[in-house]
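Listed here are the chains, written in short residue letters.
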Amino acid sequence: MTKPVVLLAEELSPATIEALGPDFEIRHTDGADRSQLLPALADVDAVLIRSATKMDAEAIAAAPQLKVIARAGVGLDNVDIPAATQAGVMVVNAPTSNITSAAELAVGLLIAAARNIAPANQALKGGKWKRSAYGGVELLDKTVGIVGFGRIGQLVAERLKGFGVELVAYDPYATVQRAGQLGVRLVGLDELLETADFITIHLPKNAETMGLIGKEALAKVKPTVRIVNAARGGVLDEEALAAAIAEGRVGGAGLDVFAKEPCTESPLFEHEAVVVTPHLGASTEEAQEKAGVAVARSVRLALSGDLVPDAVNVSGGTVAEEVRPGMDLVEQLGRIFTAIAGGVPVQLDVDVRGEITRHDVSIWELSALKGLFADVTETPVTYVNAPLLAADRGCKTRLVTSSVAEDFRNVTTLRGTMADGTVVSVAGTLTGPKMVQKITGVNGFDLEIPISQHLVFYTYEDRPGVIGALGQMLGDASINIAGMQVSRDDRTGMALVALTVDSAIPAHLVSAIEKEIGAATVRVADLD
């Protein structure tokens, strides 16, 4: 059996390769060299990159088998996420791999700015003993303002507590409870700016945060304040900061990130009160190894068809173990729905009932779409592009849940409204210790029949002799019936027979049976 191909486009740690395991063919290329990268992508299933490899629309188009792009790090500026999503390619990164390294560097920059470590080091190495020129300040009893109280901001708070500082934080999305646990007081941005002796920034760069700490904000700070940015360039206005330091309105700064990188020239570099590093936040051995190992594990999950919690272009997030078995069931129900409906609905309800709804089952909505389109498009359908395929075809979805299931512990029904107003439904469940997938209903007819590779559904006017005629015709064609169940609707006098067979029924025989029994409808679902 051919192994899936994983391309390492940049140098990664031995631990990364070890985490991938023996199940893949590992190849190497220089991702920064387009002449090497593009042909190397031709038959790969996954590509692992760092920051030097650009996975843009051209690169993604060059990889028709590609299923996952894995960025061994946090930033995704070098990945065209919309193009990947359109192609059904999962994009994963390692969002927590560098948080400790980034937090520790922020603390280091803060201390370096407080004690003038960088200029003192440079002076002494230059042969000058200047003790009196580089006096600094203690952290004890000072107020440290943390702008952005996410994972890294919280780690910074934990580390600074030992210095005897007062901690305040600004973050509109932070909870008072979590801040209180860390001994941090949440305040408004203006109060933080006006009271802090040190300010450390830990915000993502987006439309809301770009230039947040700019000229207006810097007009509110103490003239002795030291400002640290080890988060993202552009959140802190570097020109405004340089002007404030030159004018004595800011005491100093420590920067690891810049609006434009690489940055080798800046008015900030002219000031001894500024300590700078070339974006070293994630540049520790531990962070690099954590990132590589994390995305290697994600690649294994993605190539096994599983959902990856760190996938940035898939909704659903972490899936509870109790929910996972139902993902394949609902996907199969989606395929059966399409076969029965003969098309795609304009509205699809994923109706989940029973004890399972104690967990988050939102991923089943994606599973249903993945099955719904599996047999109606030549494009490989994944958890990534299924919502796009639905949007393109005007199919809206809705998840409906209830803790009460009448006949089964749990049951899921896909109920779709077609363009002509017709309503089609198929229901299923998992039963027994082996979690057997069963169909429990089709268009209002109650059933309990295992899902198999070959399924056939006939509806007809209920009368004697139909089942015998059907069985005779299949027997004459040497097609073995694995399972059969008949369900009747006493109100209409119609019946439905559901068949599972060991081999596909030829189209001519399906039609012959339809004619022989006078079937009102016939639907075939081959799930191979």
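Please read these numbers as outputs of a predicted model, since none were measured by experiment. (Residues numbered from 1 in each chain as written. Predicted model: local features only at pLDDT ≥ 70, side-chain atom pairs only at ≥ 80, totals over all residues. Heavy atoms only, no water.)

(A) Region of interest: the overall build of the protein chain. Looking only at helices and strands, one finds 17 helices and 22 strands in the protein chain. In terms of overall dimensions, the protein chain is more spread out than a globule: its C-alpha atoms have a radius of gyration of 31 Å, far above the 24 Å expected for 528 residues. With the C-alpha coordinates of the protein chain rotated into their principal frame, the extents come out at 105 × 50 × 40 Å. Split into buried and exposed, the 528 residues of the protein chain put 49% on the buried side. In the protein chain, the share of contacts with a sequence separation of at least 24, taken over all contacts with a separation of at least 6, comes to 62%. For the protein chain, the exposed surface amounts to about 25,000 Å²; the carbon and sulfur share of it is 50%. In the protein chain, which carries 46 positive and 66 negative side-chain charges, the distance between the mean positions of the two groups comes to 5 Å. (Helix = DSSP H or I, 4+ residues; strand = E, 2+ residues; numbered from the N terminus. Rg over C-alpha atoms; globule rule 2.2 N^0.38 Å. Buried < 20%, exposed > 50% of the residue type's maximum accessible area, 1.4 Å probe, protein only. Contact = heavy atoms within 4.5 Å. Areas by Shrake-Rupley, 256 points an atom, 1.4 Å probe, with all protein chains shown as cover. Lys, Arg positive; Asp, Glu negative; His and termini not counted. Charge placed at Lys NZ, Arg CZ, Asp CG, Glu CD.)

(B) Geometry of the pattern of salt bridges. In this structure the tally under the stated criterion is 22 salt bridges. Asp 45 is the partner of Lys 67 in a salt bridge, and the nearest nitrogen-oxygen pair spans 2.6 Å. Taken together, the residues Lys 67 in the loop between helix H3 (57–61) and strand E4 (68–71) and Asp 45 in the loop between helix H2 (34–40) and strand E3 (46–49) connect sequence positions 22 residues apart. A salt bridge links Asp 351 to Arg 415; its shortest N-O distance comes to 3.4 Å. Of this pair, Asp 351 sits in strand E13 (residues 347–354) while Arg 415 sits in strand E15 (residues 410–417), placing them 64 residues apart in sequence. (Salt bridge = Lys/Arg side-chain N within 4 Å of Asp/Glu carboxyl O.)

(C) Here's a closer look at the side chain of Thr 277. Mapped onto the elements, Thr 277 comes out in the loop between strand E12 (274–276) and helix H12 (285–303). By relative accessible area, which is 16% here, Thr 277 ends up buried. What Thr 277 contacts, discounting residues up to four positions off in sequence, is Leu 105, Leu 109, Leu 255, Asp 256 and Phe 258.

(D) Fine view of helix H13 (residues 324–341). For H13, which comprises 18 residues, the first-to-last C-alpha distance of 26 Å matches the rise-based estimate of 26 Å (1.5 Å per residue) to within 8%. Most of H13 sits inside the fold, with 14 of its 18 residues counted as buried. Positioned one or two residues after H13, Gly 342 has a phi angle of 75 degrees, which is positive. (Expected span 1.5 Å × (residues − 1).)

(E) Focus on the sheet that holds E15. The mixed open sheet is built from 6 strands, whose spatial order is E14-E13-E15-E16-E17-E18. If you trace the sheet from one side to the other, it starts and ends with strand E14 (396–402) and strand E18 (445–450), each paired once. Going from strand to strand, the sheet's axes swing by 20 degrees on average, the running direction of each strand aside. Relative to E18, strand E17 (residues 436–442) runs antiparallel, the two being bridged by 4 bridges. In the sheet register, Ile 439 faces E18, and the bridge partner there is Ile 449. Strand contacts of helix H14 (residues 363–374): E13, E14 and E15, with the helix running at about 130 degrees to E13, the strand carrying the most contacts. (Pairing = 2+ DSSP bridges. Axes fitted to C-alpha atoms, helices over the stretch in contact; angles between N-to-C directions.)

(F) A look at the packing of aromatic side chains. In total, this model carries 1 aromatic pair according to the counting rule given. With 6.1 Å between their ring centres and 90 degrees between their planes, Phe 258 and Phe 269 make a pair best called edge-to-face. Here the residue Phe 258 occupies a position in the loop between strand E11 (252–255) and E12, and Phe 269 occupies one in the loop between E11 and E12, the gap between them amounting to 11 residues. Looking at Phe 269, the relative accessible area reads 34%, which means it is partly exposed. It is Lys 370 that lies over the ring of Tyr 383; its NZ or CZ is 5.3 Å from the centre. (Phe/Tyr/Trp six-rings, centres within 6.5 Å; stacked < 30°, edge-to-face > 60°. Lys NZ or Arg CZ within 6 Å of the ring centre and 35° of its normal.)

(G) Representation of H12 within the structure. In this model H12 runs 27 Å from its N-terminal to its C-terminal C-alpha over 19 residues, within 8% of the 27 Å that 1.5 Å per residue would give. All buried positions along H12 are accounted for by Ala 287, Ala 291, Gly 292, Val 293, Val 295, Ala 296, Ser 298, Val 299, Ala 302 and Leu 303. Of the surrounding secondary structure, the elements contacted by the buried residues of H12 are strand E1 (5–8), helix H1 (14–20), E3, E4, strand E5 (90–92) and helix H5 (99–115).

(H) Seen up close, the pairing of E13. The buried fraction of E13 amounts to 6 of the 8 residues, a majority that puts the element mostly inside the structure. In this structure, E13 lies alongside E14, joined through 7 bridges in parallel fashion. Paired with Leu 348 across the two strands is Thr 397, which belongs to E14.

(I) Inspection of the packing of H5 against helix H7 (residues 151–160) at higher detail. Two elements in contact, H5 and H7, have axes separated by 9 Å at closest approach and are oriented at 50 degrees. Taken together, H5 and H7 sit at an angle that is classed as oblique. Crossing of H5 against H7: the hand is right-handed. Two secondary-structure elements touch here, H5 through Ile 99, Thr 100, Ala 102, Ala 103, Glu 104, Ala 106, Val 107 and Leu 110 and H7 through Arg 151, Ile 152, Leu 155, Val 156, Arg 159 and Leu 160. Class assignment of the residues belonging to the contact of H5 with H7 gives a composition of 10 nonpolar, 1 polar and 3 charged. (Parallel < 35°, antiparallel > 145°, perpendicular 65-115°, else oblique. Left-handed = near helix turned anticlockwise from the far one by under 90°. Nonpolar A, V, L, I, M, F, W, Y, C, P; charged D, E, K, R; others polar.)

(J) Seen up close, empty space enclosed by the protein. The full count for this structure, using the stated rule, is 1 cavity of 30 Å³ or more. In this structure, the largest cavity occupies an estimated 30 Å³ of space. Every residue along the wall of the largest cavity is listed here: Ala 112, Ala 113, Asn 116, Ile 117, Ala 118, Pro 119, Glu 272, Ala 273, Val 274 and Val 275. When residues of the lining of the largest cavity are traced back to their parent elements, those giving at least two are H5, helix H6 (117–125) and E12. The element that contributes the greatest number of residues to the lining of the largest cavity is H6, accounting for 3 residues. (1 Å grid on protein atoms, 1.4 Å probe; cavity = no way out; pocket = protein on both sides within 12 Å on 5 of 7 lines; lining within 4 Å. Points joined across faces, edges and corners; volume = space filled by probe spheres on them.)

(K) Region of the structure containing the sheet that holds strand E22 (residues 521–526). Taken in spatial order, the 4 strands line up as E20-E21-E19-E22 in an open sheet, and their pairing is antiparallel. Edge strands, defined here as strands with exactly one partner in the open sheet, are strand E20 (481–489) and E22. On average, each strand axis in the sheet is tilted by 15 degrees relative to the strand beside it, whichever way the strands run. Where E20 lies against strand E21 (residues 494–501), 8 bridges are found, and the strand directions are antiparallel.

(L) Region of the structure containing the packing of helix H16 (residues 466–476) against helix H17 (residues 507–517). The interhelical angle for the contact between H16 and H17, taken along N-to-C directions, is 155 degrees, at an axis separation of 10 Å. Overall, the two elements H16 and H17 adopt an arrangement that is roughly antiparallel. Handedness of the crossing formed by H16 with H17: right-handed. Here Val 466, Ala 469, Leu 470, Met 473 and Leu 474 of H16 come into contact with H17, specifically with Leu 509, Ala 512, Ile 513, Glu 516 and Ile 517. For the contact of H16 with H17, the class distribution of residues is 9 nonpolar, no polar and 1 charged.

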